[in-house]
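One letter stands for each residue in the lines below.
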Amino acid sequence: MTGSAYLLEFNGLRILVDCGLYQERELIARNWDPFPVPSHTIDTVLLSHAHLDHCGLLPKLVREGFAGKIYCTAATYDISQIILMDAAHLQEQDAEFKRKRHEREDRKGPYPEVPLYTTDDAKASFPRFSPVGYEQPTPLGDGIEATFYEAGHVLGSSMIKVRISGNGDERTLLFSGDVGRWDTPILRDPTVFEEADYVLVESTYGDRLHEEAKNTEKILTEIINSTRKRGGNIVIPSFALERAQEILYYLNKLLSGDRIPHLMVFLDSPMATSVTEIFERYPDLLDEEMNELLRQRRSPFEFPGLKITRTTDESKVINHISGTVVIIAGSGMCTGGRIKHHLVNNISRRESTILFPGYQAVGTLGRQIVDGAREVRILGQTYPVSARIVQMNGFSAHADRDELLRWLSGLRRPPLHLFVTHGEPDVASYFAHFLREKTGWEISVPKYKDEVILD
Ligand SMILES: [Zn+2]
């Protein structure tokens, strides 16, 4: 379901829509495979947003010879730089760690002990980016143009419409990217389209319905107040993009409404801090409520008691504070980063709460904890799990089943064909079935490397 990438060919032009990294353990090997077509034969890349499963293989594409432009919004470009540098850095660390271990154990692993790409490769891809504004058609040559529209998923995220004309005829293709949600804090709503000949729609949450935002506030208030009463800490593993800002937004709201006490809140994630600064650079991309706050010179992401920790020394100090604090740290699935140290200090304390605001993939430490493991291994040691464990779904940046249907319901005539993509196989086929029942449209679920001729 990760590793989003579509290759579009027309009149000898090759356009790649997204170039994502595979993140599931059983699909990671695909990241090392040669691209299905040589990189230098691709003319242009259209990038929907800065999540790794959409942009994560761009440094590899450029290193292997791609010399065209990567079109995306300016905010996506800014965030992609942070995300790709972090990914490259982790891959370098990983390769070095593996090399040392294999040397010690005198054996060879299944993958080469070199990083998939380096921080230099990531940097070399940046000059290829070419930011474009929303709703400004960009000519790609030979009767093709692409237009980016607000997707409401993460800052700068887009849905992309490609218009192809030739021989007096015209077709439009609509790539959903990741579809965001309506009436969520911070971002604007997703764009709805009235027509398209071919539609590709993601299906991440095509089989479920999310909690309401009202519940999110209620649950968060209860968790913070009850943890405070017990004298523990609230530890929140969070993704740097969107999730961290949304948590800050809710904490700010609950604090100013006196629904939670004034606690110290640590944003212990340099990456989340950098991404938050980018949010403040693009007020145009934020919703009305955010702009109202900014007009009153009140940053939605700052409040009394919020401490930003940049260095590891500052991070370590958090563990010596007595009384309840809220700690937001990455990585979001506890696979690395500072969150591991905070788990070491809190997971065996009955009075603390570990709050997961997002999906935890199979095979991650986060997934083990939410699945109810009695003990877990962190940084080479085993710890009993005694803290309260809570998982909340209300923070999702993805449309749920009915929101995806709402997005598609804007179409005034059936598309010639609808492709359901970017979801776990069972979820994608469930969602395709659900849509067929609701709409009667021509719908299919393509498989990896399928080719389709569009008339
Ligand atoms: Zn995404």
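Because the structure is a prediction, the values reported are computed rather than measured.

Asker: Could you give an account of the packing of helix H3 (residues 74-105) against helix H7 (residues 270-281), with specific residues and numbers?
Answerer: When two helices pack together, their arrangement is given by the angle between the helix axes and by the axis-to-axis distance. Orientation of H3 relative to H7, taken along the N-to-C sense of each, is 170°, at an axis distance of 10 Å. Overall, the two elements H3 and H7 adopt an arrangement that is roughly antiparallel. Only Met-271, Ser-274, Val-275, Ile-278 and Arg-281 of H7 make contact with H3, whose side of the interface consists of Asp-78, Ile-79, Ile-82, Ile-83 and Asp-86. The residue inventory of the contact of H3 with H7, partitioned by class, reads 6 nonpolar, 1 polar and 3 charged.

Asker: Quick one: what's the story with the pairing of strand E16 (residues 375-378), residue by residue and with numbers?
Answerer: Residue alternation in E16 divides its side chains into a buried set, Val-376 and Ile-378, and an unburied set, Glu-375 and Arg-377. In terms of strand pairing, E16 meets strand E17 (residues 381-384) through 4 bridges, oriented antiparallel. Bridged to Ile-378 within E17 is Gln-381. Where E16 folds back on E17, the antiparallel hairpin that results is connected by 2 residues, among which Leu-379 adopts a positive phi of roughly 50°.

Asker: Pulling in residues and values, what's your account of empty space enclosed by the protein?
Answerer: Scanning the entire structure with this criterion turns up 2 cavities of 30 Å³ or more. There is about 90 Å³ of room inside the largest cavity. Lining the largest cavity are 17 residues; nearest its centre among them are Ser-4, Tyr-6, Asp-18, Ser-176 and Gly-177. The greatest single-element share of the lining of the largest cavity, amounting to 3 residues, is contributed by strand E10 (residues 198-202). Class assignment of the residues belonging to the lining of the largest cavity gives a composition of 6 nonpolar, 8 polar and 3 charged. Taken together, Gly-152, His-153, Thr-184, Pro-185, Leu-187, Glu-242, Glu-246, Ser-396 and Ala-397 make up the lining of the second largest cavity. Across the lining of the second largest cavity, the residue classes tally to 3 nonpolar, 4 polar and 2 charged.

Asker: Tell me what's going on with the sheet that holds strand E11 (residues 234-237), and back it up with residues and numbers.
Answerer: With parallel pairing, 6 strands are arranged side by side in an open sheet as E13-E12-E14-E11-E15-E18. With partners counted over all chains shown, the strands left at the sheet margins are strand E13 (306-308) and strand E18 (388-391), one partner each. Put simply, the sheet's adjacent strands are angled 20° from each other on average, direction ignored. As defined by bridge partners, E11 adjoins strand E15 (residues 353-356) across 2 bridges and the pair is classed as parallel. The partner of Ile-234 across the bridge, within E15, is Thr-353. Across the sheet, helix H6 (residues 243-256) is in contact with E11, strand E12 (264-267), E13 and strand E14 (325-329); its angle to E14 comes to roughly 160°.

What counts, and at which threshold
- Residues numbered from 1 in each chain as written.
- Predicted model: local features only at pLDDT ≥ 70, side-chain atom pairs only at ≥ 80, totals over all residues.
- Heavy atoms only, no water.
- Axes fitted to C-alpha atoms, helices over the stretch in contact; angles between N-to-C directions.
- Helix = DSSP H or I, 4+ residues; strand = E, 2+ residues; numbered from the N terminus.
- Parallel < 35°, antiparallel > 145°, perpendicular 65-115°, else oblique.
- Contact = heavy atoms within 4.5 Å.
- Nonpolar A, V, L, I, M, F, W, Y, C, P; charged D, E, K, R; others polar.
- Buried < 20%, exposed > 50% of the residue type's maximum accessible area, 1.4 Å probe, protein only.
- Pairing = 2+ DSSP bridges.
- 1 Å grid on protein atoms, 1.4 Å probe; cavity = no way out; pocket = protein on both sides within 12 Å on 5 of 7 lines; lining within 4 Å.
- Points joined across faces, edges and corners; volume = space filled by probe spheres on them.

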